[in-house]
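Here are the chains, one letter per residue:
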Amino acid sequence: IAQTLAGTVQRGKINGDSRLDVQRILTQRDCRLVGIEEVRKNGFGLRDWFTANFAGGVLSIRAVDIELMLQQLAVMLSSGLALAPSLRELSEHCPKRKLQLLCTQLAEAIEQGSTFADAIEESKSFPPIVGHLAKVGEESGDLSVTLSRAAQFVEKRRRAKGSLLSTLAYPVFVAIAAGSVAIYLIGWGIPKLATFLDAMGR
């Protein structure tokens, strides 16, 4: 439980190693810690697995979602917003649960002192090139431009993958059809024909 500078009381959950760690995170958000209750999670149950993998109706975060997230983040940074608040804003407006969790995890990692590039690499949800571009952007001080380029890279990669799958679709269909016909002939057609020919003495 925390209180903002305006006096509003907020309730929520924060990942931290200690009470002081949580208090530091709240101070960075211009909030004062009022009360805290420690919650420990033991193990990883079936419900946790289901929530992590199927929340939002998808098994994993799609490339098009990562692409859109990077584009939106680049626009928010170019407009003058800080990185962590931008990620918090994206988390609140993402339609998919897994993307919300990803933005929240990135924001919390940055608020705890991690770089954006390290947070991206640790999440395992981005192509490696995105982490490299983020590192270049942080070092050069122009993160919005590099994130925009990263979004373009993800888009080109997604389109190339889609084009490859479309190209392979017809040969795969033909192979499946030919295999099905062969299995039908070997398993049913030829034995019937053999029985027929045997009955004719041929």
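Residues numbered from 1 in each chain as written. Predicted model: local features only at pLDDT ≥ 70, side-chain atom pairs only at ≥ 80, totals over all residues. Heavy atoms only, no water.

K.L.:
Explain the pattern of salt bridges here, please?
P.N.:
Pairs can form between side chains of opposite charge once their charged atoms are near each other. Under the definition given, this model contains five salt bridges. Note that Arg158 is salt-bridged to Glu67, the shortest N-O span being 2.9 Å. With a gap of 91 residues between them, Arg158 in helix α8 (residues 143-199) and Glu67 in helix α3 (residues 63-78) connect regions that are remote in the sequence. Each of the salt bridges in this network shares a partner with another, and the network as a whole consists of Arg29, Arg88 and Glu111. (Salt bridge = Lys/Arg side-chain N within 4 Å of Asp/Glu carboxyl O. Helix = DSSP H or I, 4+ residues; strand = E, 2+ residues; numbered from the N terminus.)

K.L.:
What is the right way to read the nonpolar core from this model?
P.N.:
For soluble globular proteins, the rule of thumb is that nonpolar side chains tend to be buried together. Counting residues in each nonpolar core, the largest one holds 31 residues, and the members touching the most others are Met69, Leu70, Leu87, Leu106, Phe116 and Phe126. Those elements that provide at least two residues to this core are α3, α4 (83-93), α5 (97-111), α6 (116-123), α7 (128-140) and α8. The residues touching Phe116, leaving out its near neighbours within four places in the chain, are Leu73, Leu83, Leu87, Leu106, Ile110, Ala134, Glu138, Leu143 and Leu147. Membership of the second largest hydrophobic core comes to five residues, among which are Ala2, Val22, Leu26 and Cys31. (Core = buried A, V, L, I, M, F, W, Y, C linked by side-chain atoms within 4.5 Å. Buried < 20%, exposed > 50% of the residue type's maximum accessible area, 1.4 Å probe, protein only. Contact = heavy atoms within 4.5 Å.)

K.L.:
What's the story with the packing of aromatic side chains in this structure? I'm lost.
P.N.:
Each aromatic ring pair is described using two quantities: the centre-to-centre distance and the angle formed by the ring planes. Inspection of every chain in the model, using the stated rule, returns one aromatic pair. Ring geometry for Tyr184 against Trp188: centres 5.4 Å apart, planes inclined by 25°, an arrangement best described as stacked. Note that Tyr184 and Trp188 are positioned in helix α8 at a spacing of four residues, about one turn of the helix. Residue Tyr184 is classed as partly exposed on the basis of its relative accessible area, which comes to 46%. (Phe/Tyr/Trp six-rings, centres within 6.5 Å; stacked < 30°, edge-to-face > 60°.)

K.L.:
I would appreciate a short explanation of unusual backbone geometry in the present structure.
P.N.:
Excluding glycine, a negative phi dihedral is what most residues carry, and trans is how most peptide bonds are arranged. Here the phi dihedral of Asp30 falls at roughly 60°; this positive angle occurs in a residue that is not glycine. The exposure class assigned to Asp30 is partly exposed, which follows from its relative accessible area of 47%. Phi is positive for Lys124, which is not a glycine, with a value near 65°. For Lys124, the location among the structural elements is in the loop between α6 and α7. Residue classification places Lys124 among the exposed positions, given a relative accessible area of 71%.

K.L.:
How do you make sense of the sheet that holds strand β3 (residues 31-33) when you look at a structure like this?
P.N.:
Pairing between sheet strands relies on hydrogen bonds along the backbone, with the strands arranged either parallel or antiparallel. Taken together, three strands build an open sheet; the order of strands is β2-β1-β3 and the sheet is antiparallel. Each of the sheet's edge strands pairs with one partner strand only, and the pair in question is β2 (9-10) and β3. Two elements, strand β1 (residues 2-4) and β2, share two bridges in a ladder whose sense is antiparallel. By the bridge assignment, Gln3 is partnered in β2 with Val9. Strands in contact with helix α1 (residues 19-28) are β1 and β3; relative to β3, the strand with the most contacts, it is inclined by about 160°. (Pairing = 2+ DSSP bridges. Axes fitted to C-alpha atoms, helices over the stretch in contact; angles between N-to-C directions.)

Structural measurements only, silent on function.
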